[in-house]
Amino acid sequence: MKPAPFDYILAGDVTHAVTALDDAAGNAKLIAGGQSLGPMLNLRVARPDVLVDISRLSGLSYLRSETGSLRIGGLTRHAELERRADLPPGYAALATAAAGIGTPAIRAQGTFGGSIAYANPVAEWCVLAVAFGATVTVVGTAGARRLGIDEFLLGAFTTALGSDEMLVEVTLGEPAHYSSFLKTSTSGLATTVAAGVAFDVEDGLVARPRVSVGTPAGPPRRVPDVERLLAGRAAGASPREVRGEIAALLDSSVAPGPRVARVAAELMVRTFDHAFRAGKAFRPGEAR
Amino acid sequence: MKQTDELTSRMSIVLRVNGRDEHLEVSPRETLADALRERLDLTGTHLGCEHGVCGACTVIVDGLPARACIMYAVQADGRDVRTVEGVQGEPQVQALQEAFSRNHALQCGFCTPGFLMLARWGLGEEGAARCATPEAVAASNLCRCGCYQGIRQAMREVWEPGDSGAQPAGER
């Protein structure tokens, strides 16, 4: 299985990359890690006239912790996020999720930005970007702009990226004392479900819960009804007690059908439990 | 769909393959796997699925594992590429090969180079830092003959010699 012919441009900088995109008028594709695009090219599902290689651009692979946010460069490889010890406190779910992406070879090559731009609705980074209230920075020939993750992820495999635009950074919002991510296996199931959960604990109670769910039905979304249900509960009490209620709250826009709603609810429960068991992430300066 | 004249869309690249600089003229769409196999006669890198799923084409590029079927040769320009041919005789690879043989970790052998390359990486410093385990490596690639148990056991013996918890094949 070999790709259809294409021209190849090795981008020297972001301007070069977006100019090449613009010149190709919608018939170019960016390649970074190539772990999603490579298979698509080989299977001829994608047939761009031009491939613009951004994998050697410098200065786009980083993790920058700022007060209340984490800036992730688009070219950061999944493998760089695998170990909780390498991450700033409050984003433990990234390590949990990274360790489960594909296989070591895929994690060594694939990039954070590539995953967000590909917008697979059950992808680790898409579901967690939603849970952490991320914003996305993109650059095009007209300059840079910033979008909320809900404005960026428009549907399954659909984003607000213009044909001359490139994603350069994803900024996650507020850190959380506890966070995790779980996904059902992609093999054998007709539907894959993914859940991201993040929350703080104050005086032993769940505070500021953030719950996102991804299914093939549409873009990953927060589920405010479930968040309201979890807020104020004793943190040590597993939400398993209210799993039925959670399933009932997952309407057809989130979970296509009652079976998926039950799977999603179970997944949210397990993700919450896993986050809590994994231990608290204290923020710098926070009393232990 | 653009019609490209294949003969004029060649690019000159240099791959450092198994320690040797190789100067190649490749089409942009030529995969690293095909460049290794067709141009350098390094056919140890196998093509199982050609879309990044099976791992039979695993090589090491700049010290990191890569599926050569979904990397284009042009992307490896200037990079260090290690294939199964280039690791013969290394003590850990030798140990892996002997353990594979001892533990029935191969029948047809088609997936074996991919597993060997990934296991070699897993045993190295970078692999250890990423907590690569025999179980994780065995779960990464596909073996259509179903030798996973032997593959895991072979790797356990090399990961932890003398502490392999060896069980007779068939008993779990």
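So, here is what we can say about the structure in this document.

The rules behind each value
- Residues numbered from 1 in each chain as written.
- Chains lettered and ligands numbered in written order.
- Predicted model: local features only at pLDDT ≥ 70, side-chain atom pairs only at ≥ 80, totals over all residues.
- Heavy atoms only, no water.
- Helix = DSSP H or I, 4+ residues; strand = E, 2+ residues; numbered from the N terminus.
- Contact = heavy atoms within 4.5 Å.
- Buried area = accessible area lost by both parts, 1.4 Å probe.
- Salt bridge = Lys/Arg side-chain N within 4 Å of Asp/Glu carboxyl O.
- Polar contact = N/O pair within 3.5 Å; in protein donor to acceptor, adjacent residues only side chain to side chain.
- Buried < 20%, exposed > 50% of the residue type's maximum accessible area, 1.4 Å probe, protein only.
- Phe/Tyr/Trp six-rings, centres within 6.5 Å; stacked < 30°, edge-to-face > 60°.
- Lys NZ or Arg CZ within 6 Å of the ring centre and 35° of its normal.
- Pairing = 2+ DSSP bridges.
- Right-handed = clockwise from strand over helix to strand, strands pointing away.

## What to know about unusual backbone geometry
- Phi is positive for A:R44, close to 60°, though the residue is something other than glycine.
- Positionally, A:R44 belongs in the loop between α2 (37-42) and β3 (50-53).
- In the Ramachandran plot, B:H104 falls in the positive-phi region, its phi being about 55° despite a non-glycine side chain.
- Its location among the elements puts B:H104 in the loop between α2 (91-102) and α3 (112-123).

## Some thoughts on the interface of chain A and chain B
- If you look at the interface, chain A gives 33 residues, while chain B gives 32 residues.
- Carbon and sulfur atoms supply 53% of the area that chain A and chain B bury against each other, a total of about 2,900 Å² over both sides.
- It is A:P5, A:Y8 and A:R56 in chain A that bury the most area against chain B; as a group they hold 19% of the surface buried on that side.
- Our enumeration of links across chain A and chain B arrives at two salt bridges.
- We note a salt bridge from A:K2 to B:E50, for which the minimum N-O separation is 2.6 Å.
- Linking chain A with chain B are twelve residue pairs in polar contact (both at pLDDT 80 or more), by the criterion used here.
- Breaking the side of chain A that touches chain B down by element, the ones donating at least two residues are β1 (7-10), α2, β3 and α4 (104-109) of chain A.
- With six residues, α4(A) is the largest single contributor of residues to the side of chain A that touches chain B.

## Observations concerning the pattern of salt bridges
- Per the stated rule, a full pass over the model turns up 26 salt bridges over all chains.
- Close ionic contact of A:R71 with A:E169 constitutes a salt bridge, the shortest N to O distance being 3.0 Å. With A:R71 in strand β5 (residues 69-73) and A:E169 in strand β10 (residues 166-172), this residue pair connects regions lying 98 residues apart in the sequence.
- Residue A:E169 is classed as buried on the basis of its relative accessible area, which comes to 7%.
- B:D21 is the partner of B:R16 in a salt bridge, and the nearest nitrogen-oxygen pair spans 2.8 Å.
- According to the relative accessible area criterion, B:R16 is partly exposed, its value standing at 36%.
- Put simply, A:D200, A:E202, A:R208, A:R283 and A:E286 are held in one network by salt bridges that share partners.

## Examining the packing of aromatic side chains
Residues and elements named next belong to chain A.
- The full count for this structure, using the stated rule, is seven aromatic pairs over all chains.
- Each ring, one from Y91 and one from F132, has its centre 5.2 Å from the other, and the planes form 45°; the classification is tilted. Of this pair, Y91 sits in the loop between β5 and α3 (92-99) while F132 sits in the loop between α6 (124-131) and β6 (135-140), and the two are 41 residues apart along the sequence. The burial state of Y91 is the same as that of F132; both residues are buried.
- Among the aromatic residues, ring-to-ring pairing joins Y178, F199, F272 and F276 into one connected group.
- Above the plane of the ring of Y62 lies R64, whose end atom (NZ or CZ) is 3.6 Å from the centre.

## Some details on the pairing of strand β2 (residues 28-31) of chain A
Residues and elements named next belong to chain A.
- Where β2 lies against β3, four bridges are found, and the strand directions are parallel. By the bridge assignment for β3, A28 is matched with V50.
- The handedness of the β2 to β3 crossover, carried by α2, is right-handed.

## Observations regarding the side chain of A:S69
Residues and elements named next belong to chain A.
- Following the sequence through the fold, S69 ends up in strand β5.
- Given a relative accessible area of 12%, S69 falls into the buried group.
- Among residues more than four places away in sequence, those in contact with S69 are R64, Y91, T171, L172 and G173.

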